[in-house]
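Spelled out from the first residue to the last, the chains are:
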Amino acid sequence: MGHFLCPFVFYIRNTTLNMQHSIHHYSNYTMHQLLAAPYFLEWVRFPDAANSAFWEAFVQAYPQRAADITKAVAIAKTMYVVNEKPQPGESRAVWNEIYKEIKPVRRISILWKAAAVFLVAMVAAWMIFRTNTNNRIEVASRFGEVKKLLLPDSSEVTLNGNSSISYSKEWNKREVWIDGEAFFNIRHSDTRGFEVHSTGLDVNVLGTSFNIRNRRGITSVVLNSGKVLVAAEDNKKLLLSKPGDMALYSKKENGLTGKHVPVDHYTSWQQQKLQLDQVPVSGMFEMLEDDWGYHIQLRDSSLLKKKISGEIDMKDKQVLMDALAIILNANVTQQGSTIIVTPN
Amino acid sequence: MSSEQSLWDGLKKGDVQSLEALYTQYNELLYGYGKKFTTDTHLVQDAIQETFISLWKYRNTINAGGTFNYYLLKSFRNQLLRLIKERANTTYTDENNEFSFEVGFDNHIIAGEEYALLSRQVKNALEQLTARQREIIYFRFFEGLSFEEIAGIMDMQVRATYKLTARALAALKEIMDGSLLLLFIVSHLS
């Protein structure tokens, strides 16, 4: 199939088929027609010797078109398809339908049937008498799962493992509650604010993207772009306005504090990477427990204070095991979700 | 998170969680692709549902040759076109299928009125193509699939071989240069 991309063969074949696929064929193409021409797009996306030679020859033959070609290339490189995304609730519903269809069917005894009828009656009664308790949507991720979802206003949220987000079904207010860690890319709106609530901390957003994490009583917010106002439960406030601005809140310790950090260290989990910058081993173990559901057994607790830096690709479990073995100079084995570290 | 291969293995062993993980991973891609054929969200969701149910049913007989991406797109396309056909109650011809999409650009290069104008012009240029040609562009340029994969998904060998007649050569005039169909006819002639 390789000869498809070779204009030389192409030219000869097309001549025999009485079609004009020479460089002259494109002489009257406008810039936007180029942007819809497969052979032009092929060259932009998958350049090789053959198609590069073809388009260089075109520019040489039609030097007055050089500017158009350059511009079309620049535009084509950033061109993307507008993709529609399903609503998270919809996707759930479809999955439930699939599950219903594939789940193994068992023979049910009369007793169980009676129990089921009773249960249905109970649920019905509850649904009639409850007062608006089920008007919330909650989406949660499993350990180690990075999950993307779209809010009703098209804001994007990426959940880290073992995290959840909830919001009101009515969506009267752009307001969500977060437990665990999430990265937000908020759809800009001049008229409607956006609020993120977490343990002891509220984030007021002004069209922006940022990371929020709450684990073990500490909540942190790291700004990626735009501006956010962070308000702690003790009424202290902090404005984050530059990328990398971080707000940390701990009720037990120092309250609300600010500092400046490298953004990617706090957002690389979205690519399933663990990025560590002078993090104590104990801190890394906490992340492995909180986000990935691992339990770590370590005999020698003096290792816990050791500080480490680097990046671990979590997509491959073996990479993590090898990295731990090297960092801790230890023998690392795994039993289920427990990682056992035996120092050499 | 498990790699694609281990999800595949899990599925073959009958693990429902693997199927769910695959669903979570691919349902957005299929949805976005399906909506380019029809605006009917229910139809698209039905096709996704059927695709995963048949993936489960035939998990033991599916040949894992090729990527998941490829397998799912091919299966989903068949399901969706069948549903569209059923609904329209017409005979299935590829020419009836719509396939359209809008493109956006990085607005650092162009902005404002020029952006709107360009969007419109490119849209017009794309509308001049056939649905199949737009689909090929979508797969090749935006999804980065290989020609072998695209041909497989769109069932093109069969068609290209079938059309390898004088009639096909006449029809070629209408097909823009560089399209995949031409490629097949050319390679069959050589």
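Just so it is clear, the model here is predicted, and its values are computed rather than measured.

About the criteria used
- Residues numbered from 1 in each chain as written.
- Chains lettered and ligands numbered in written order.
- Predicted model: local features only at pLDDT ≥ 70, side-chain atom pairs only at ≥ 80, totals over all residues.
- Helix = DSSP H or I, 4+ residues; strand = E, 2+ residues; numbered from the N terminus.
- Buried ≥ 20, exposed ≤ 12 C-beta atoms within 10 Å, placed from the backbone.
- Contact = placed C-beta atoms within 7 Å.
- Axes fitted to C-alpha atoms, helices over the stretch in contact; angles between N-to-C directions.
- Parallel < 35°, antiparallel > 145°, perpendicular 65-115°, else oblique.
- Left-handed = near helix turned anticlockwise from the far one by under 90°.
- Nonpolar A, V, L, I, M, F, W, Y, C, P; charged D, E, K, R; others polar.
- Core = buried A, V, L, I, M, F, W, Y, C linked by C-beta atoms within 7 Å.

**Q** Got a minute to help me understand the overall build of chain B in this structure?
**A** When you go through chain B residue by residue, the secondary structure sums to ten helices and one strand. Along chain B, helices (α) and strands (β) appear in the sequence α-α-α-α-β-α-α-α-α-α-α when read from the amino end. Per-residue burial over chain B gives 31% buried out of 190 residues. Restricting to contacts in chain B with at least 6 residues of sequence separation, those with at least 24 account for 61%.

**Q** Looking at this model, I keep getting lost on the packing of helix 1 (residues 4-12) of chain B against helix 2 (residues 16-34) of chain B. Mind explaining?
**A** Any two packed helices are characterised by the angle at which their axes cross and by the distance between the axes. All names here are of chain B. Helix 2 packs onto helix 1 with a crossing angle of 135° between their chain directions and a minimal axis gap of 7 Å. In terms of axis orientation, helix 1 runs oblique to helix 2. At the point where helix 1 passes helix 2, the crossing takes the left-handed sense. Every residue of helix 2 that contacts helix 1 at L7, G10 and L11 is listed here: S18, L19, A21 and L22.

**Q** Where do I start with the environment of L41(A) in this structure?
**A** Tracing the sequence through the fold places L41(A) in helix 3 (residues 38-45). Here L41(A) falls in the buried class, since 20 other C-beta atoms lie within 10 Å of it. Here L41(A) is in contact with A76(A), I137(B) and F141(B), once residues within four sequence places are set aside.

**Q** When you look at the packing of helix 3 (residues 41-57) of chain B against helix 4 (residues 68-88) of chain B in this model, what are you seeing that I'm missing?
**A** All names here are of chain B. Two numbers describe how helix 3 lies on helix 4: the axes approach to 9 Å, and their chain directions differ by 130°. With respect to helix 4, the element helix 3 is oriented oblique. Pair helix 3 / helix 4 crosses with right-handed handedness. Every residue of helix 4 that contacts helix 3 at L43, V44, D46, A47, I48, E50, T51, S54 and L55 is listed here: L72, S75, F76, Q79, L80, L83, I84 and R87. Partitioned by chemical class, the residues of the contact of helix 3 with helix 4 number ten nonpolar, four polar and three charged.

**Q** Please clarify how the nonpolar core should be interpreted in this entry.
**A** Residues and elements named next belong to chain A. A182, V203, V221, V228 and A247 are the most contacted members of the largest nonpolar core, which has 31 residues in total. Broken down by element, this core gets its largest block of residues, five residues, from strand 6 (residues 175-185). Ignoring any residue separated from it by four or fewer positions in sequence, one finds A247 in contact with S220, V221, V230, L238, L240, L256 and G258.

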